[in-house]
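Okay, here's what each chain looks like letter by letter:
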Amino acid sequence: MARNITDTLQPRKALPATLIGVGLGLGAGSLVAASVSALAGYFARRVVTPEERRTGNSVIREVRTDSEGKLGLHFTKDDETSEPGPCSFLTEFDSCALRLSAPEDVPGKPRLVARKIEKIYHGTLEGVRRGNFSGAIYEHPSDLGFEAEDVVVPLDGGDGPAWLVRGSANEDLWVIGVHGRGARRNESIRALPALSELGATTLLMSYRNDGLAPSAPDGRYGLGDTEWHDVEAGIQFALNHGAKQIILLGWSMGGAIGLQTADRSELAHHIDSLMLVGPVINWVDVLSHQARANKIPRSVGLFGQWLLSNKAGRWVTGQAAPVNLRRLNWVERAEELKLPTLIMHSRDDEFVPNGPSLKLAALRPDLVTLKTFAKAGHTREPNVDPQGFAKAMTGFLTKRIAARAS
């Protein structure tokens, strides 16, 4: 697993020699170069294109009823299916959504792992063969006993649906949940027990291209370079409804969005601090790691990064504007960090390695509080260690409340 930054983007004034070779080879009709270019384009497009229909990676081997009469699913045992803690399971094409228990061994079948079905949110398992696991185990705040109001945040492209869970003791302390890439507002529900303990108000918002809020004109993710405008709208909504202290809670790409909001928004002076879960601190590191994980040659990965970050790549990626990957690198920009920040990141995160989080914490110990976890996959920290997760959040929030009071 890559835990350190191994690749950096070349200056934009000139392409690296390897990339020039790819471009010239394609122009000269080189079949190999054309294949490399096509692979780089596919890689770049996948990064910024929302997935509308997911076929599912995990195969259901058996549907069984245990001795207690509880329905359960058996999967082939691998890192994903046997990861500790409860999870949700979204079947192919999102036809059914389930909440599953922590994994258990299947007696006499060492290659299988069992998970009990704790709740069927919608749909049926009839005819279903595969699906995807997710750490967002609740569909609605009411699944954890919280009353939530359906509200609308006015975004640039239209209305963004959101849930508002009102606080008590510290109702003017607002925590705005910013979900990650490919996720939705329910990702932040797992934080509600810790937030309600301190009486904070929580806004679980949606933003462009997430399937709830209006899509961006180009229908592409900005990896935080554009989505921060929607979070700025969420901050304005909070201010209009009585917020006096605002904290952004960002998950995965939501962490990148939160960092950009705090850096670039005209309302940034209203943000007290950041809480980030499995955050993307440096997209170059994540893209390089994903290229290696998918056995994509380094030159192809670099070309993909160039396509994402330069105007000439827009005809391949479909982006209205390139993504500024340098601006999204908070290891290089560590001295520009201005706000107290809690980072919660598992050392076993195989999707967004925690190397940049560790580096940022080391570079800015004056502002960054780091809580590391073990055995948790990407953004599964509250699933695997709910007590440790809640303690980290409440400890950080208690200090922020005290800082405001003083």
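Bear in mind that the values here come from a model prediction, so they are computed numbers and not experimental data.

1. Digging into the overall build of the protein
Point 1. Tallying secondary structure elements over the protein gives 11 helices and 15 strands in all.
Point 2. Its C-alpha atoms give the protein a radius of gyration of 22 Å, near enough to 22 Å, the size a compact globule of 406 residues would have.
Point 3. Looking at the protein residue by residue over its 406 residues, the buried ones come to 54%.
Point 4. Taking all contacts inside the protein whose residues are at least 6 apart in sequence as the whole, residues at least 24 apart take part in 73%.

2. Side note on the pattern of salt bridges
Pairing between side chains of opposite charge can happen when their charged atoms approach one another.
Point 1. Counted by the stated rule, this structure contains 19 salt bridges.
Point 2. Where R166 meets E149, a salt bridge forms, and the shortest distance between an N and an O atom there is 2.5 Å. Placement of the pair is R166 in the loop between β9 (158-165) and β10 (170-178) and E149 in strand β8 (residues 149-155), with a sequence separation of 17 residues.
Point 3. In this structure, D263 engages R333 in a salt bridge whose closest nitrogen and oxygen atoms are separated by 2.9 Å. A residue pair is termed long-range when its members are at least 10 positions apart, and D263 in helix α5 (residues 253-264) and R333 in the loop between α8 (314-317) and β14 (341-346) qualify at 70 residues.
Point 4. Judged by its relative accessible area of 10%, R333 is buried.
Point 5. One salt-bridge network, in which partners are shared between bridges, spans D263, R333, E336 and K338.

3. Points about the environment of L204
Point 1. Its location among the elements puts L204 in strand β11 (residues 200-205).
Point 2. Taking relative accessible area as the criterion, L204 reaches 0% and is therefore assigned buried.
Point 3. Sequence separation of L204 and V175 is 29 residues, and the distance between their C-alpha atoms is 8.4 Å.
Point 4. Beyond its immediate chain neighbours, meaning those up to four positions away, L204 contacts P161, A162, W163, G177, R185, S188, I189 and L192.

4. Some details on the confidence of the model for the protein
Point 1. Summing up the model confidence of the protein, the mean pLDDT is 91 and the portion of residues at 70 or higher is 91%.
Point 2. Contacts of residues 1-15 to residues separated by more than four positions or lying in other chains number 46 contacts, the stretch itself having pLDDT below 50.
Point 3. Ignoring residues within four places in sequence, the model shows residues 24-28, a span with pLDDT below 50, making 5 contacts including any to other chains.

5. Looking at the nonpolar core
Point 1. Counting residues in hydrophobic clusters, the biggest one holds 66 residues, and the most contacted among them are I176, L203, L223 and W283.
Point 2. Aside from chain neighbours lying at most four places away, what touches I176 is L203, M205, G234, I235, A238, I246, I247, L248 and L249.
Point 3. Grouped together as the second largest cluster of nonpolar side chains are 20 residues, L173, M275, V277 and F396 included.

6. Section: the sheet that holds β9
Point 1. Strand order in the open sheet formed by 8 strands is β8-β9-β11-β10-β12-β13-β14-β15, with mixed pairing between adjacent strands. Every interior strand has two partners, whereas the edge strands, β8 and β15 (368-373), have only one. On average, each strand axis in the sheet is inclined to that of its neighbour by 25 degrees, with strand direction left out of account.
Point 2. Where strand β13 (residues 271-277) lies against β14, 4 bridges are found, and the strand directions are parallel. Residue L274 lies in a different strand from β14, and its bridge partner there is T341.
Point 3. Packed onto the sheet, helix α11 (residues 386-405) meets β10, β12 (245-251), β13, β14 and β15 and runs at close to 170 degrees relative to β13.

Thresholds, definitions, all that
Residues numbered from 1 in each chain as written. Predicted model: local features only at pLDDT ≥ 70, side-chain atom pairs only at ≥ 80, totals over all residues. Heavy atoms only, no water. Helix = DSSP H or I, 4+ residues; strand = E, 2+ residues; numbered from the N terminus. Rg over C-alpha atoms; globule rule 2.2 N^0.38 Å. Buried < 20%, exposed > 50% of the residue type's maximum accessible area, 1.4 Å probe, protein only. Contact = heavy atoms within 4.5 Å. Salt bridge = Lys/Arg side-chain N within 4 Å of Asp/Glu carboxyl O. pLDDT = per-residue confidence, 0-100. Core = buried A, V, L, I, M, F, W, Y, C linked by side-chain atoms within 4.5 Å. Pairing = 2+ DSSP bridges. Axes fitted to C-alpha atoms, helices over the stretch in contact; angles between N-to-C directions.

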